[in-house]
Amino acid sequence: MGTGKSLKMRKSLEEQLTQGWKSLGMAYPTARCVLLEVQVPAALVQFGQSVGSVVYDCFEAALGSEVRIWSYTQPRYEKELNLTQQLPALPWLNVSADGDNVHLVLNVSEEQHFGLSLYWNQVQGPPKPRWHKNLTGPQIITLNHTDLVPCLCIQVWPLEPDSVRTNICPFREDPRAHRNLWRAARLRLLTLQSWLLDAPCSLPAEAALCWRAPGGDPCQPLVPPLSWENVTVDKVLEFPLLKGHPNLCVQVNSWEKLQLQECLWADSLGPLKDDVLLLETRGPQDNRSLCALEPSGCTSLPSKASTRAARLGEYLLQDLQSGQCLQLWDDDLGALWACPMDKYIHKRWALVWLACLLFAAALSLILLLKKDHAKGWLRLLKQDVRSGAAARSRAALLLYSADDSGFERLVGALASALCQLPLRVAVDLWSRRELSAQGPVAWFHAQRRQTLQEGGVVVLLFSPGAVALCSEWLQDGVSAPGAHGPHDAFRASLSCVLPDFLQGRAPGSYVGACFDRLLHPDAVPALFRTVPVFTLPSQLPDFLGALQQPRAARSGRLQERAEQVSRALQPALDSYFHPPGTPAPGRGVGPGAGDGT
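Criteria and thresholds
- Residues numbered from 1 in each chain as written.
- Predicted model: local features only at pLDDT ≥ 70, side-chain atom pairs only at ≥ 80, totals over all residues.
- Heavy atoms only, no water.
- Helix = DSSP H or I, 4+ residues; strand = E, 2+ residues; numbered from the N terminus.
- Buried < 20%, exposed > 50% of the residue type's maximum accessible area, 1.4 Å probe, protein only.
- Contact = heavy atoms within 4.5 Å.
- Areas by Shrake-Rupley, 256 points an atom, 1.4 Å probe, with all protein chains shown as cover.
- Disulfide = S-S within 2.5 Å.
- pLDDT = per-residue confidence, 0-100.
- Pairing = 2+ DSSP bridges.
- Axes fitted to C-alpha atoms, helices over the stretch in contact; angles between N-to-C directions.
- Expected span 1.5 Å × (residues − 1).
- Bend = angle between axes of the 7 residues up to and from the residue.
- Parallel < 35°, antiparallel > 145°, perpendicular 65-115°, else oblique.
- Left-handed = near helix turned anticlockwise from the far one by under 90°.
- Nonpolar A, V, L, I, M, F, W, Y, C, P; charged D, E, K, R; others polar.
- Arc of directions from axis to C-beta.

Participant: I keep staring at the overall build of the protein and nothing clicks. Help me out?
Facilitator: Regarding its fold elements, the protein presents 13 helices and 30 strands. Out of the 597 residues belonging to the protein, those deemed buried represent 40%. Residue pairs in contact within the protein that sit at least 24 positions apart in sequence constitute 62% of those at least 6 positions apart. Accessible surface, the protein as shown: approximately 33,500 Å² in total, 54% of it carbon and sulfur.

Written out as structure tokens, the structure is:
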């Protein structure tokens, strides 16, 4: 259409302009600009006649975007040509609800080939892909309502070269998606002071520490003296703690509503303790005051109130001064102390037992005076003693190999879950001080002897490290020095566990266990398979049945207890087998979710 024509990409409209007509195309909200320069010789320009036309068909613009065309002469005259074109939206992609399911309806021709991708859009960092598939023709993709989260987005594009991809995020305001987001959120303890919130999407939240006492009372926020801290997903946060405690929990609020609460230190430090939390407040001129945190509030010490802490206030203050309380936090404004209450409870029960003994002595004297009824009373007393012995919780000693810190947290979660049942669990994680004072060998021998004398059971929790260590002992009769840490009771226990198996004393007193996906039962050495070896959590009912008293009835509550242990163990399993940033199988959206027409 002329002697010269050129197509150029320019960073600025004011750069390198030459004589001729210029046309600018812009597509919003993208920041792309294309500058097209057309040069026409002056001899061809005649008044009132068209010189020619330009067709530009390679400017990319996404569906639903706005394209602006701006034309002018160079040098510019007063008259300019401006045209704004709104491209159609995506009429062939609709999102519809059907009960608990969501349908993605793609209404395209049978010959149309296109790609479909589902991903989690991240405020910081790249998107996390969830599912991708190339499809043909009209399709209906079914999503379960449990897969919906606010940041779940859909990307669709024709399978053509340089095609523009269209993205929509239709679930940002969906209430179900926000509920699913908090159900998927998890708190993970990294060190004594550091932890993070793991969630699929970013969310507004703030966190604070709270104190949870045994007995089912609500967790009481420690604000003040501590404060609420803003939370960012997948960002490490820290609390200024000096020591951890199983009763310390983390509460996460969003829009002033409690969304998440977890006791992060319980897995490594054991179940909740019957301790009293003392709050020390420091004022000017070294003035300080103490109060004990109770469900009714913080009771000043000393006090004449009728609460438990008030009655024991004098003893609590003595324990604080003598250094028997554990300091959890300290700064210029105050401090937090955890004081044990076990010894005071033991004193109270000692008085109760003394009263029972006096009552039994008086009852025996009466029976001696009435010999005719003595046999009947003795028979009833014998039955009561037997039933009481059966009702007592059975002792269980848990032995494992400390392969890594993640596996130790998993073992701690299992031990804490078993403590919710009628079991008295002993594990070296909760006895570090005694283990260091006595030594691993002496500590294990004492625990094993006490457990077996009480009719308890020793649980061997096998892992790849435990299997390797057992194989070394079976081949050489000795473990490689330095193969495990100084507190590994499993390594020390093999010196007396093996004789029990070699001499046939293990059945009835030992059981084995391993975690699904971590170790197959056939990998356990044959010598240790002379006792039952269960996989967890798939065989939890049988495992808990083996931990019961030998004469205990297999009641219908066994399945209920197995489900309770499984629920308590699941967060630790998810954290161990699926660290943050790796999608968990079964929780994403895959082709099995439905892609039929």
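This is not the end of the story, as more comes after the structure.
Participant: Looking at this structure, how should I read the state of the cysteines?
Facilitator: A covalent bond between the sulfur atoms of two cysteines is referred to as a disulfide. If you walk through the whole model with that rule in mind, you get 6 disulfides. One disulfide bridge connects cysteine 210 with cysteine 219, the sulfur atoms lying 2.0 Å from each other. Classification of the bridge connecting cysteine 210 and cysteine 219 rests on its S-S torsion, roughly 95°, and on that basis the disulfide is right-handed. Residue cysteine 219 is classed as buried on the basis of its relative accessible area, which comes to 10%. Here the disulfide map of the protein reads 1-4, 2-3, 5-6, 7-8, 9-10, 11-12, the bonded cysteines being numbered as they appear in the sequence.

Participant: Looking at this model, I keep getting lost on the confidence of the model for the protein. Mind explaining?
Facilitator: Atom-level detail of predicted coordinates should not be read off regions where pLDDT is low. In this model, the protein carries a mean pLDDT of 77, and residues with pLDDT of at least 70 account for 78%. Across the protein, the secondary-structure element scoring lowest on mean pLDDT is strand 1 (residues 4-8), at 33, and the one scoring highest is strand 29 (residues 510-515), at 94. Overall, residues 479-484 carries pLDDT values under 50, and its contacts beyond four positions in sequence, including any with other chains, amount to 13 contacts. Below pLDDT 50 for its whole length, residues 584-597 participates in 28 contacts with residues either more than four positions away or in separate chains.

Participant: Please explain unusual backbone geometry as it appears in this structure.
Facilitator: Trans peptide bonds make up most of the peptide bonds, and negative phi angles are found at most residues other than glycine. In this structure, the amide linkage connecting valine 223 to the following residue, proline 224, adopts the cis form with an omega of -15°. Within the element layout of this structure, proline 224 appears in the loop between strand 16 (220-221) and strand 17 (229-231). The linkage connecting proline 224 with the following residue, proline 225, adopts the cis geometry, with an omega of 10°. Structurally, proline 225 can be placed in the loop between strand 16 and strand 17. Backbone geometry at tryptophan 255 places phi at a positive 55°, although glycine is not the residue there. Assignment of secondary structure puts tryptophan 255 in the loop between strand 19 (248-254) and strand 20 (257-262). In the Ramachandran plot, glutamate 256 falls in the positive-phi region, its phi being about 60° despite a non-glycine side chain. Position of glutamate 256 relative to the elements: it lies in the loop between strand 19 and strand 20.

Participant: How do you make sense of the sheet that holds strand 9 (residues 128-136) when you look at a structure like this?
Facilitator: Either a parallel or an antiparallel arrangement is found when strands of a sheet pair, and the pairing is made through backbone hydrogen bonds. A sheet is described by the order of its strands in space; here 4 strands give the open sequence 9-8-11-12, paired in antiparallel fashion. Because the sheet does not close on itself, it has two edges, and the strands there are strand 9 and strand 12 (166-168). The average undirected angle you get between the axes of adjacent strands in this sheet is 20°. Note: strand 8 (residues 113-120) against strand 11 (residues 152-158), 7 bridges, orientation antiparallel. Paired with serine 117 across the strands is glutamine 155, a residue of strand 11.

Participant: Just checking my understanding: could you explain the sheet that holds strand 28 (residues 457-461) for this structure?
Facilitator: Pairing within the open sheet is parallel, and its 5 strands lie in the order 27-26-28-29-30. On the outer flanks of this sheet lie strand 27 (423-427) and strand 30 (533-536), each paired with one strand and no other. Strand-to-strand twist in this sheet, taken as the mean axis angle between neighbours without regard to direction, amounts to 30°. Taken together, the 5 bridges between strand 26 (residues 394-400) and strand 27 define a ladder with parallel strand orientation. Counterpart to arginine 394 in the pairing with strand 27 is leucine 423. Across the sheet, helix 12 (residues 540-547) is in contact with strand 26, strand 27, strand 28, strand 29 and strand 30; its angle to strand 30 comes to roughly 135°.

Participant: In this structure, what is going on with helix 13 (residues 557-577)? I would like to understand it.
Facilitator: Every α-helix carries 3.6 residues per turn, so stepping three or four residues along brings you back to the same face. Taking 1.5 Å as the rise per residue, helix 13 with 21 residues should run 30 Å; its terminal C-alpha atoms sit 29 Å apart, in good agreement. Considering bend angle alone, the principal kink of helix 13 is centred on leucine 569 and spans about 40°; proline proline 571 follows within four residues of it. Those residues of helix 13 that are buried lie in contact with helix 7 (405-419), strand 29 and helix 12.

Participant: I tried to follow the packing of helix 12 against helix 13 on my own but got confused; where do I start?
Facilitator: Helix-helix packing is characterised by the crossing angle of the two axes and by the distance between the axes. Axis separation between helix 12 and helix 13 bottoms out at 9 Å; the angle between their running directions is 110°. Regarding the angle of helix 12 to helix 13, the classification is roughly perpendicular. Helix 12 and helix 13 meet at a crossing whose hand is right-handed. For the pair helix 12 and helix 13, the contacting residues are Leu540, Pro541, Leu544 and Gly545 in the first and Leu558, Gln559, Arg561, Ala562, Val565 and Ser566 in the second. Grouping the amino acids of the contact of helix 12 with helix 13 by side-chain chemistry returns 6 nonpolar, 3 polar and 1 charged.

Participant: Hey, could you run me through helix 9 (residues 440-453) in this one?
Facilitator: Here helix 9 spans 20 Å end to end across 14 residues, near enough to the 20 Å set by a 1.5 Å rise per residue. Listed as buried for helix 9 are Trp443, Phe444, Gln447, Arg448 and Thr451. The arc enclosing the buried residues of helix 9, seen along the axis, measures out at 125°, which places them on a common side. Just downstream of helix 9 lies glycine 455, where phi reads positive at about 75°.

Participant: What's the story with the environment of glutamate 563 in this structure? I'm lost.
Facilitator: The residue glutamate 563 is located in helix 13 in this model. A C-alpha to C-alpha distance of 8.2 Å links glutamate 563 and leucine 540, two positions 23 residues apart in sequence.

Participant: Mind showing me how you'd approach the packing of helix 7 against helix 13 here?
Facilitator: Close contact between helix 7 and helix 13 brings their axes to 9 Å; oriented N to C, the two are set at 175°. On the basis of their axis angle, the class for helix 7 and helix 13 is roughly antiparallel. Contacts between helix 7 and helix 13 involve Gly406, Phe407, Leu410, Ala413, Leu414 and Ala417 on the former and, on the latter, Val565, Ala568, Leu569, Ala572, Leu573 and Tyr576. Taken together, the residues of the contact of helix 7 with helix 13 break down into 11 nonpolar, 1 polar and no charged.

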